[in-house]
Each structure stands twice: as structure tokens, then as C-alpha cells.
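Structural features, examined
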Amino acid sequence: MFLQTGGSMSRMKTLNVGLIGCGFMGRAHSNAHRKVWNFFDLEYRPVLKAICDSNEERAKAHAARWGFESVETDYRKLLARDDIDMIDLCLPNNMHAEVAIAAAKAGKMILCEKPLARNGKEAEGMVKAVEKAGVPNFVSFNYRRIPAVSLAKKLIDEGRLGKIFHYRAKFLQDWTISKDVPQGGDSLWRLDVKAAGSGVTGDLLAHCIDTALWLNGRIESVTAMTETFVKERKHQLTGKMQKVGIDDACAFLCRFANGSLATFESTRYARGHKALYTFEINGEKASIAWDLHDLHRLAYFDHGDEGKVRGWRSIHVTDHGGDHPYMDKWWVPGLNIGFEHSFVHQLADFLTGLAKGKPASPTFAEALETQYVCDAVLQSAKTAKWEKVKKAK
């Protein structure tokens, strides 16, 4: 396709998107597809070709709000369409493997919401499918693309922290404390083990684990404990009280391949916390810390500073010029961006990788490593023993 720009012809390739799922992540991904071309110079431009949801009324409302050209209620019909290039998968976890494998067989590139699957076995099948089909693939661990977190990666890779000794992370919420909160159905599938696979481990800790693997390398072994505080909840689909099979809280220790030690904690029972995700990394030369509630700032301590001025500093990650990742694509220095921008950034990276023939990270194969850590955590909680983490090939 050609666009007239300032009297000259510039080449642009459209990428027709079929997005499946109209929930929280469906909105976040729809927003990214709409905004990415406005702020990033890209060879590919996403076109919101079709929205798919089993609830037709909901799908039509989503299409009207976000500008999708058409509606489908069966993902198989969406995959069969010749005018769809990419499948953006924003479904409950139990549907990831089924739909992604079918999409790969249909020759569609795939963007999949995290976690990759409910467990490592399901995820392995997804990896095999995309590799056999040779289709581009990506998993939406969006916190990597928050500029302050990306800056942390840059500082670590530059060697500013030196040898890493400790990594600690937590992700705290409080929305399931009431025993009257039901499980299952469209809105509360995360509390249904058949749909989710696990509780906070696959939902919240998966984010913490992915970030940790990206920043600090492979996790070799874990020891964990979990707890389900409310043992039974009414299921929204059956109306009956059913056993709760997910973990409401999880805490684990681990050893990284680089010799560092780590603690991870996640719960939905931390009264007063809606989405407190933090991490801190302590190295021989320096330390860094980040807090989702103050997401545009990175705390940094450099032991090499002169003693009289040595101390924790707060880096406001908004500068242009390339020092602060992604920020030169937005507003003037000093102005903040938010949570939703991380989805725009990851899509921009995916599209840039597509144009250059260099896959953006994490691919399905890379996200499999996070799945293996989650599996080891849940297994350790059952055995009360240290468990080794399976190596991704």
C-alpha cells in the first residue's frame, strides 16, 4: 500500500489484526494497535480488521468503541479468513494452547497474552506449533517495556551493578479477601483453576519471574509455599459451592545461575494494596529498585559516588535522546506516561522485529522458561522441597 506524504510516496505495509477477547487485556491490546502508528515510525501499520468473542453483543460493542471493521463469534472462522495476518490472543489461560496452535497451523503470526499457558506441557505444544509453522510469535509480558524497567536492564547490561547478590520482588493485591467473591465465568475465571491453571503464581508472579529472568538470568532452583485462604466459592456458571483450586498466596526462594539469591512474594490478600509490584536488585557496585505505583521513576544507589553525596537517587525516566528508553516517542521531557504505554511499546518492538527479521522478546520459546519456573514453584509447594527448574531448549 502507498501513502501520499508531503508530496513523496512512502511505502507502508498493513497488518490485519484479528483480536480474540474483549476483556481487560482486549482493551489494552486494542488501544496499543490504535496508537502505535501515531507515535512510532514503523514499516507495518496494524489494521483492526476483526474482533472475536463468543458473546456477539459484547463483540459488537467492542468493535464500535475501538474501530474494528468486523465481528466474529467463533475463532475458527476468524482463523479461516484470508484477510487476517495476526491473531492477538486475549483469552483465559485454558484457551491459549488450543487457539494458538490452531492459529499457527493457519499460518497466522501470534501475539499471546501472558502467561503462555496453564503449565509447561501446554506451553511446549505451543512452542512446537509456532516453530513448525515458522510464524512470528510473541508473549505479552508488558512490564519489560515500562521505560524505568527497560532502563534498569540497560544499567545492568552496562555492568553498573557489578556482580549481583540479591533479587527481591513482590506483587500484592487485595481483591479476593471476601469469601462472597465467586469464581469462574467471564469476569472471575482467574479464580477457577480449570481456566487459570493456578492463582497468583501464573497471574502475578509470572510477571515478576519474567522480569527477573530478563534482568538477572536463569533461575536454577526454587523452594516455595502457597496457601488458599478461602477453600470454597460459589461458581458463577453452576451456582454451586465448589472447591477453590488456585493459590491465593505464594512465596518462594530461588537461586539464579549467576549465584544470586532471591525472594518472591505474591498474594491477593494484602489489604490496602491494589497492584503493588516492586523489585530491588543489589549488586557489588550499585543497587536499583522500582515500584509500579511510581512507574516512571527508577531508584538507584551507586557506591562509587563521593561519600558526602552518596545515597539513593530517584531517576525521573522521561528524557529524550535515547538515554531513557521509548520516551523520545512521546511528550516533552518531564511529562509522565502510564501503564497502557507499555503495551504500545511492546507492539512497536514486535513490529520493528518483524520488519528486520529479528524476533522481539519474549517469544513463545523464551516465555516457556517462565512457565517452567511457575511449574517448579507449584511443585515445590506440594513437596515442601527444593525443586530444580527444567531448562528450556
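So, here's what we can say about the structure. Sequence order as written defines the numbering, with residues in each chain counted from 1. Per-residue local features of the predicted model are confined to residues with pLDDT of at least 70, and side-chain atom pairs are confined, for both listing and counting, to 80 or more; whole-chain, interface and lining totals are unaffected and use all residues. Values shown for side chains rest on all heavy atoms present in the structure; no hydrogens or waters enter the calculation.

Helical segments are the DSSP runs of H or I of at least four residues, strand segments are the runs of E of at least two, and each set is numbered from the N terminus. Along its length, the protein chain carries 10 helices and 19 strands. Values of the radius of gyration come from C-alpha atoms, whereas the globule rule sets the reference at 2.2 Å times the count of residues to the power 0.38. For the protein chain, the C-alpha radius of gyration of 21 Å lies close to 21 Å, the compact-globule estimate for 393 residues. Reported as C-alpha extents along the three principal axes, the dimensions of the protein chain are approximately 60 × 60 × 40 Å. Across the 393 residues that make up the protein chain, the buried fraction comes to 54%. Long-range contacts, defined as pairs at least 24 residues apart, comprise 68% of the intrachain contacts of the protein chain with a sequence gap of at least 6. Accessible surface for the protein chain amounts to roughly 18,000 Å². Of this, 50% is attributable to carbon and sulfur atoms. Charge separation in the protein chain, taken as the distance between the mean sites of 55 positive and 47 negative side-chain charges, equals 3 Å. Note on exposure labels: buried denotes an accessible area under 20% of the residue type's maximum, exposed denotes more than 50%, and partly exposed covers the range between, all computed with a 1.4 Å probe on protein chains only. Every residue pair with non-hydrogen atoms within 4.5 Å of one another is taken to be in contact. The Shrake-Rupley method, run with a 1.4 Å probe, gives the accessible areas here. Residue values count only the displayed protein chains as cover. The charge count treats Lys and Arg as positive and Asp and Glu as negative. His and the chain ends do not count. A charged residue contributes its charge at one atom only: NZ of Lys, CZ of Arg, CG of Asp or CD of Glu.

It is the rolling of a water-molecule-sized probe over the atoms that shows where space remains empty. Cavity means a closed set of points on a 1 Å grid over the protein atoms alone, one where a 1.4 Å probe fits but cannot get out, pocket means an open set with protein on both sides within 12 Å along at least 5 of 7 lines, and lining means a residue has an atom within 4 Å of a point. Grid points are joined across faces, edges and corners, and a volume is the space filled by probe spheres set on the points. For the second largest pocket, the calculated volume is near 430 Å³. Elements supplying a minimum of two residues to the lining of the second largest pocket: α6 (147–157) and α9 (341–356). With 4 residues, α9 is the largest single contributor of residues to the lining of the second largest pocket.

Within helix α2 (residues 56–66), the full set of buried residues consists of Ala59, His62, Ala63 and Trp66. Each buried residue of α2 sits inside an arc of 100 degrees when the element is viewed along its axis, so together they form one side. Turned more than 90 degrees off the buried face of α2, the exposed positions are Glu57, Ala64 and Arg65. Contacts made by the buried residues of α2 are with α1 (24–39), β4 (44–52) and β5 (70–72). Between a side-chain oxygen at the N-terminus of α2 and the backbone nitrogen of Glu57 the separation is 3.1 Å; the capping residue is Asn55. Taken from the helix axis, the directions to the C-beta atoms give the arc we talk about. In the analysis that follows, any N or O atom pair within 3.5 Å is treated as a polar contact, provided that within protein one partner can donate a hydrogen and the other can accept it, and provided that, for residues neighboring in sequence, both atoms belong to side chains.

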